[in-house]
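Here is how the chains run, residue by residue.
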Amino acid sequence: MILSDRSIIAALETKRVIIDPLAENAIQPSSVDLRIGNKFRVFRNYSKGLIDVREPLDDLTELLEVDTSGALILHPNEFVLGATVERVSIGADLVGRLEGKSSLGRLGLLIHSTAGFIDPGFSGTITLELSNVANLPIKIYPGMKIGQISFLEMTTEADNPYGSDGLASKYQGQDGPTPSRYQLDI
């Protein structure tokens, strides 16, 4: 069951969901609008001949900070990581679904490749996988609405929510665009 605006407000009041900062007019009929921050991870294609998922890839990307009055230009077929302004925390009985804004999707901007599912218990900023599938560059302005998160109620609370001891919760507490930590799974 997807939470309605009324249920989202109740979840925020009871701290089942925390969104900080919560922008004015961010609550929509069945989701909450999220904005993009000013930090991006750009791929240093010249630093590697290939991506070996078994190896640490800390030097594959570099952090780029865009002036809040400026913009990042995302070129066709380019892929960068971004992050939400908002820090999101989700209770043990909910999951989050991240989706792009349809108006931006109609321009060719995708905000996630596969990471649209947010586990119960997650807390942190949400890393965005930004792709331009259009034929023209797209300007991305820090602070602009970039996506929306909806919440689905689970049948019961998770016994071991994200971040629990014993789980490999590699991204719990992340702040800003976080590169892949896949090598920790191998």
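Residues numbered from 1 in each chain as written. Predicted model: local features only at pLDDT ≥ 70, side-chain atom pairs only at ≥ 80, totals over all residues. Heavy atoms only, no water.

Visitor: How would you sum up the overall build of the chain? Please name residues and give values.
Guide: Along its length, the chain carries two helices and 12 strands. Its helices and strands taken in sequence order, the chain reads α-β-β-β-β-β-β-β-α-β-β-β-β-β from the N to the C terminus. Computed over the C-alpha atoms, the radius of gyration of the chain is 17 Å, within 12% of the 16 Å expected from 2.2 N^0.38 for a compact globule of 186 residues. Seen along its three principal axes, the alpha-carbon backbone of the chain occupies a region of about 45 × 40 × 25 Å. In the chain, the proportion of contacts linking residues at least 24 apart, taken out of those at least 6 apart, comes to 74%. When the accessible surface of the chain is totalled, it reaches about 10300 Å², and 50% of it is carbon and sulfur. Within the chain, the 24 negative side-chain charges are centred at a point lying 4 Å from the centre of the 17 positive side-chain charges. (Helix = DSSP H or I, 4+ residues; strand = E, 2+ residues; numbered from the N terminus. Rg over C-alpha atoms; globule rule 2.2 N^0.38 Å. Contact = heavy atoms within 4.5 Å. Areas by Shrake-Rupley, 256 points an atom, 1.4 Å probe, with all protein chains shown as cover. Lys, Arg positive; Asp, Glu negative; His and termini not counted. Charge placed at Lys NZ, Arg CZ, Asp CG, Glu CD.)

Visitor: Which residues make up the layout of surface pockets, and what values do they have?
Guide: Take a probe with the size of a water molecule and roll it over the atoms, and the empty space left behind shows itself. When its volume is computed, the largest pocket comes out at roughly 750 Å³. Taken together, the elements giving at least two residues each to the lining of the largest pocket come down to strand 6 (79-90), strand 9 (117-118) and strand 10 (123-132). When grouped by side-chain class, the residues that make up the lining of the largest pocket number 17 nonpolar, 10 polar and four charged. (1 Å grid on protein atoms, 1.4 Å probe; cavity = no way out; pocket = protein on both sides within 12 Å on 5 of 7 lines; lining within 4 Å. Points joined across faces, edges and corners; volume = space filled by probe spheres on them. Nonpolar A, V, L, I, M, F, W, Y, C, P; charged D, E, K, R; others polar.)

Visitor: How would you explain the UniProt feature "active site" (unreviewed entry) in the chain if you had to name every residue and give the values?
Guide: Look at the UniProt record and you will see "active site" (unreviewed entry) annotated at Glu129. Not counting chain neighbours up to four residues away, the residues in contact with Glu129 comprise Phe79, Val80, Leu81, Leu110, Ile111, His112, Ser113, Thr114 and Ala115. (UniProt positions renumbered as here; feature names shortened; annotations may be inferred.)

Visitor: Go over the pattern of salt bridges with me, naming the residues and quoting the values.
Guide: Evaluation of the coordinates by the stated rule reveals six salt bridges. Note that Lys101 is salt-bridged to Asp33, the shortest N-O span being 2.8 Å. Of this pair, Lys101 sits in the loop between strand 7 (94-100) and helix 2 (102-105) while Asp33 sits in strand 2 (residues 32-35), and the two are 68 residues apart along the sequence. Judged by relative accessible area, Asp33 falls into the buried class, the value being 4%. Between Asp33 and Lys145 there is a salt bridge, with the nearest N and O atoms lying 3.4 Å from each other. Taken together, the residues Asp33 in strand 2 and Lys145 in strand 12 (residues 145-153) connect sequence positions 112 residues apart. Here the salt bridges do not stand alone but share partners, grouping Arg16, Asp93 and Glu153 into one network. (Salt bridge = Lys/Arg side-chain N within 4 Å of Asp/Glu carboxyl O. Buried < 20%, exposed > 50% of the residue type's maximum accessible area, 1.4 Å probe, protein only.)

Visitor: How would you sum up the packing of aromatic side chains? Please name residues and give values.
Guide: Geometrically, a pair of aromatic rings is defined through the distance of the ring centres and the angle of the planes. Summed over all chains, the structure comprises two aromatic pairs. Ring geometry for Phe43 and Phe79: centres 5.5 Å apart, planes at 50 degrees, overall tilted. Of this pair, Phe43 sits in strand 3 (residues 39-43) while Phe79 sits in strand 6; the two residues are 36 residues apart in sequence, bridging distant segments of the chain. Plain terms: the ring middles of Phe122 and Tyr162 are 6.0 Å apart, the flat faces sit at 50 degrees to each other, and that makes the pair tilted. In this pair, Phe122 is assigned in the loop between strand 9 and strand 10 and Tyr162 in the segment after strand 12, connecting sequence segments 40 residues apart. Just as Phe122 is buried, Tyr162 falls in that class too. (Phe/Tyr/Trp six-rings, centres within 6.5 Å; stacked < 30°, edge-to-face > 60°.)

Visitor: Explain the nonpolar core residue by residue, including any values.
Guide: In summary, soluble globular proteins display a tendency toward joint burial of nonpolar side chains. The biggest cluster of nonpolar side chains holds 36 residues, and the ones touching the most others in it are Ile126, Leu130, Ile140, Ile146, Ile149 and Phe151. If near-sequence neighbours (up to four positions away) are discounted, Leu130 is found in contact with Ile36, Phe40, Leu74, Glu78, Phe79, Val80, Gly82, Leu110, Ile111, Ile140 and Ile146. (Core = buried A, V, L, I, M, F, W, Y, C linked by side-chain atoms within 4.5 Å.)

Visitor: Give me the lowdown on the UniProt feature "site: Important for bifunctional activity" (unreviewed entry) in the chain, citing residues and values where you can.
Guide: Here, UniProt's "site: Important for bifunctional activity" (unreviewed entry) annotation points to Gly116 and Phe117. In this structure, the largest pocket is lined, among the annotated residues mentioned, by Phe117. Mapping Gly116 onto the fold places it in the loop between strand 8 (109-110) and strand 9. With relative accessibility at 0%, the residue Gly116 sits in the buried group.

Visitor: Lay out the sheet that holds strand 9 in plain terms, naming residues and giving numbers.
Guide: Read from one edge to the other, the open sheet built from four strands follows the order 2-12-7-9, with strand pairing classed as antiparallel. Because the sheet does not close on itself, it has two edges, and the strands there are strand 2 and strand 9. One ladder, built from seven bridges, connects strand 7 with strand 12; its direction is antiparallel. Across the sheet, the residue bridging to Glu99 is Gln148, located in strand 12. (Pairing = 2+ DSSP bridges.)

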